[in-house]
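# Descriptive analysis of the structure
These are the residues of each chain, in order.
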Amino acid sequence: MKDILQDLSFEQLKNLVVELGEKPFRAKQLYEGLMRGKRISDINVNPELRQKLLERYEDEPVKIEKTFFSSDGTEKYLFRLADGNIIEGVLMKYKYGNTQCVSTQVGCRMGCKFCASTLGGLVRNLTSGEILCQVLVVNAMYASGKERGVTNVVLMGSGEPLDNYDCVLAFLKNVTAEGGINISPRNISLSTCGLVPKIYELADQNMPVNLTISLHQTTDEGRRRTMPIANKYTIAEILKACEYYFKKTGRRYIFEYSLIAGENCDKSHADELIQLLKGKPCHVNLIRLNEVKERNLKPITEKEAYRFLGLLEKGGLSATLRRQIGSDIGGACGQLRAGYIKTNEE
Ligand code: SAH
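Before going into details, it helps to say that this report is about the structure given with it. (Residues numbered from 1 in each chain as written. Predicted model: local features only at pLDDT ≥ 70, side-chain atom pairs only at ≥ 80, totals over all residues. Heavy atoms only, no water.)

By the secondary structure assignment, H283 is in strand β11 (residues 282-288). Only 2.7 Å separates the side chain of H283 from the side chain of T320, close enough to count as a polar contact. Setting aside its immediate chain neighbours within four residues, H283 contacts R252, Y253, I254, F255, S318, A319 and T320. (Helix = DSSP H or I, 4+ residues; strand = E, 2+ residues; numbered from the N terminus. Polar contact = N/O pair within 3.5 Å; in protein donor to acceptor, adjacent residues only side chain to side chain. Contact = heavy atoms within 4.5 Å.)

Pasting the structure below:
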């Protein structure tokens, strides 16, 4: 695979253009084209420069392979990378804007028991440019004409963002850069299963993105049963890191809690969760489990989920039950990619 031009910041692009014997102002044209999601071969720069770039860099690092349209407006994508790998993403349309969910790795090595992204392990990290290109190509479809482009980004596709820390950080810098697509850090959410040391590092970056923690259980023992990362870091350590994150960024943090039948959603769990989180500057996002057929875990009913939500609210927690959108176009959390790879292998 060639290098990815979209890995570069504007400054780095300027240096490259000079290194290739061109005037620095050419970098602006090039950067603007790239940020509009264009291929190198479609950008209006002089032919010699274009040729030199194409020798070294991928013309189309991320391509939409397939789009699934939901009746509620949600779109899911399978993206093809230059080396043939497939990743997935989602665009959710809300009144306030369009939120895109991006992947940060091909596969994942975290091994969470309920998640499809991790079924085949980690294939490779995405580069910062490959993460950025997911946003650029989707934005390009909408930002033209009257429609709004991508306004919000969540790092909740396949992969563990903090397991690919350097590339994710470079992505965050590039996606928020003023001359570029310029998405505010406040409109970006990074979700992690809890790589504690990296939460501290992120907190020190002066980049106030929203931090989301996949908690899913109320005790370390329960967490170790469903999430191998819990063997490394305790809930207490995670909460301490969250507190630090809040102190440094001023951002309230969010806990994801996927409701799994018989695992984590009895009244006792609600009580434990209230005990754990009460008074903290946080929000709890409940999600009904998306059933993954390779796994033997079941969701609870919507009614039961609302009952659990009611218990949390009564206990003084700020909480919501995430609306299930796009469910008519199947899968989430790695299931789209897993399904695609399976059908194409058969
Ligand atoms: N690796 C990151 C981000 C990826 S997943 C993380 O762990 O946070 C985004 C969210 O979906 C996480 O909270 C994850 O635990 C959750 N998730 C994964 N599989 C799921 C499933 N089958 N049903 C419901 N939520 C799931």
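Back to the text.
Counting across every chain of the model gives 6 aromatic pairs. Between F10 and Y31, the aromatic rings sit 5.1 Å apart at their centres with planes inclined by 50 degrees, giving tilted as the arrangement. Taken together, the positions of F10 in helix α1 (residues 10-19) and Y31 in helix α2 (residues 26-35) put the pair 21 residues apart, joining distant regions of the chain. The exposure class of Y31 is buried, given its relative accessible area of 7%. Between the aromatic rings of Y77 and F79, the centroid separation amounts to 5.7 Å while the plane-to-plane angle is 35 degrees, which identifies the pairing as tilted. Taking relative accessible area as the criterion, F79 reaches 0% and is therefore assigned buried. For the cation-ring pair, K198 lies above Y165, with the distance from its terminal atom to the ring centre recorded as 4.9 Å. (Phe/Tyr/Trp six-rings, centres within 6.5 Å; stacked < 30°, edge-to-face > 60°. Buried < 20%, exposed > 50% of the residue type's maximum accessible area, 1.4 Å probe, protein only. Lys NZ or Arg CZ within 6 Å of the ring centre and 35° of its normal.)

Another point: the sheet that holds strand β1 (residues 62-69). One open sheet accounts for 10 strands, arranged β1-β2-β3-β4-β7-β8-β9-β10-β11-β12; its pairing is mixed. Two strands in the sheet have a free side with no partner beyond their single neighbour: β1 and β12 (319-321). Averaged over all adjacent pairs, the angle separating strand axes in this sheet is 20 degrees, with direction ignored. Sheet topology places β1 next to strand β2 (residues 75-81); 7 bridges connect them, and they run antiparallel. The residue of β2 that forms the bridge with T67 is Y77. (Pairing = 2+ DSSP bridges. Axes fitted to C-alpha atoms, helices over the stretch in contact; angles between N-to-C directions.)

Another point: helix α9 (residues 267-277). All of the buried residues in α9 are H269, A270, L273, I274 and L277. End-on, the buried residues of α9 take up no more than an arc of 140 degrees, which puts them together on one face. In this structure, the buried residues of α9 make contact with α8 (235-249), β10 (253-259), β11 and α10 (302-314). (Arc of directions from axis to C-beta.)

Under the counting rule described, the total for this entry stands at 18 salt bridges. Where E60 meets R39, a salt bridge forms, and the shortest distance between an N and an O atom there is 3.5 Å. Within this pair, whereas E60 is found in the loop between α3 (47-56) and β1, its partner R39 is found in the loop between α2 and α3, the two being separated by 21 residues in sequence. In this structure E60 comes out as partly exposed when scored by relative accessible area, which is 31%. Between D204 and K248 there is a salt bridge whose closest N-O contact spans 3.5 Å. Taken together, the residues span a long stretch of sequence, with D204 in the loop between α6 (196-203) and β9 (210-214) and K248 in helix α8 at a distance of 44 residues. A residue is classified by how much of its surface remains accessible, and K248, at 46% relative accessible area, is partly exposed. Residues participating in the shared-partner salt-bridge network are R39, D42 and E60. (Salt bridge = Lys/Arg side-chain N within 4 Å of Asp/Glu carboxyl O.)

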